[in-house]
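# Structure assessment
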Amino acid sequence: MQLEFFDVPSPCIGICQSDDKGYCLGCMRTRDERQLWINLTSDDKQKVIKRCIQRKKRKDGKLKAKEKPHTTDEDQPSLFDPPSKKSLDSNSDIDFGDFEL
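Residues numbered from 1 in each chain as written. Predicted model: local features only at pLDDT ≥ 70, side-chain atom pairs only at ≥ 80, totals over all residues. Heavy atoms only, no water.

## Describing the packing of aromatic side chains
- Tallying each qualifying case throughout the model produces 0 aromatic pairs.
- A cation over a ring is seen here: arginine 29 above tryptophan 37, with NZ or CZ 5.1 Å from the ring centre. (Phe/Tyr/Trp six-rings, centres within 6.5 Å; stacked < 30°, edge-to-face > 60°. Lys NZ or Arg CZ within 6 Å of the ring centre and 35° of its normal.)

## Remarks on unusual backbone geometry
- For methionine 28, which is not a glycine, the phi torsion comes out positive at approximately 70°.
- Tracing the backbone shows methionine 28 in the segment before helix 1 (31–35).
- A relative accessible area of 4% means that methionine 28 is categorised as buried. (Helix = DSSP H or I, 4+ residues; strand = E, 2+ residues; numbered from the N terminus. Buried < 20%, exposed > 50% of the residue type's maximum accessible area, 1.4 Å probe, protein only.)

## Points about the pattern of salt bridges
- Per the counting criterion, the structure on display carries 4 salt bridges.
- Between aspartate 7 and lysine 45 there is a salt bridge; the shortest N-O distance is 3.0 Å. A residue pair is termed long-range when its members are at least 10 positions apart, and aspartate 7 in the segment before helix 1 and lysine 45 in helix 2 (residues 42–65) qualify at 38 residues.
- Across the salt bridge formed by arginine 55 and glutamate 33, the nearest N and O atoms sit 2.8 Å from each other. Of this pair, arginine 55 sits in helix 2 while glutamate 33 sits in helix 1, and the two are 22 residues apart along the sequence.
- A residue is classified by how much of its surface remains accessible, and arginine 55, at 9% relative accessible area, is buried.
- Residue classification places glutamate 33 among the buried positions, given a relative accessible area of 9%.
- Each member of the salt-bridge network shares a partner with another, and the members are Glu33, Arg51 and Arg55. (Salt bridge = Lys/Arg side-chain N within 4 Å of Asp/Glu carboxyl O.)

## Points about the environment of valine 8
- Turning to its location among the elements, valine 8 is positioned in the segment before helix 1.
- A sequence separation of 37 residues divides valine 8 from lysine 45, and the C-alpha atoms of the two residues are 6.6 Å apart.

## As for the environment of leucine 40
- For leucine 40, the position within the fold is in the loop between helix 1 and helix 2.
- Here leucine 40 falls in the partly exposed class, since its relative accessible area comes to 22%.
- Here the alpha-carbon distance between leucine 40 and valine 8, two residues 32 residues apart in the chain, equals 9.9 Å.
- Setting aside anything within four residues of it in sequence, one finds leucine 40 in contact with Lys45 and Val48. (Contact = heavy atoms within 4.5 Å.)

## A few points about the state of the cysteines
- The final tally for this structure, using the stated rule, is 0 disulfides.
- Left unpaired, cysteine 12 is separated from the closest cysteine sulfur, that of cysteine 16, by 4.0 Å.
- No disulfide involves cysteine 52; its sulfur sits 5.7 Å from the nearest other cysteine sulfur, which is in cysteine 27. (Disulfide = S-S within 2.5 Å.)

Here it is in structure tokens:
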């Protein structure tokens, strides 16, 4: 077990509506997981987040099999989405060839 210095943040993204299976549409937690979040240990919180990621993958897989609905640019990004990779511009006018530490 790893020593935790910071509490595990809630995966809530502010879309608090339940789907037909009882999972939150925003974070994919069950009602009990949402209500008990404050009382869970860090290990239990990490387990809940892993289950939420699995639920989201299953749900996204089912949507891909059907037809994925159109999303707008106004949607709030999810904590489950991988971070976007930013590329460095190698065509800069600055020459670091003579740079010394």
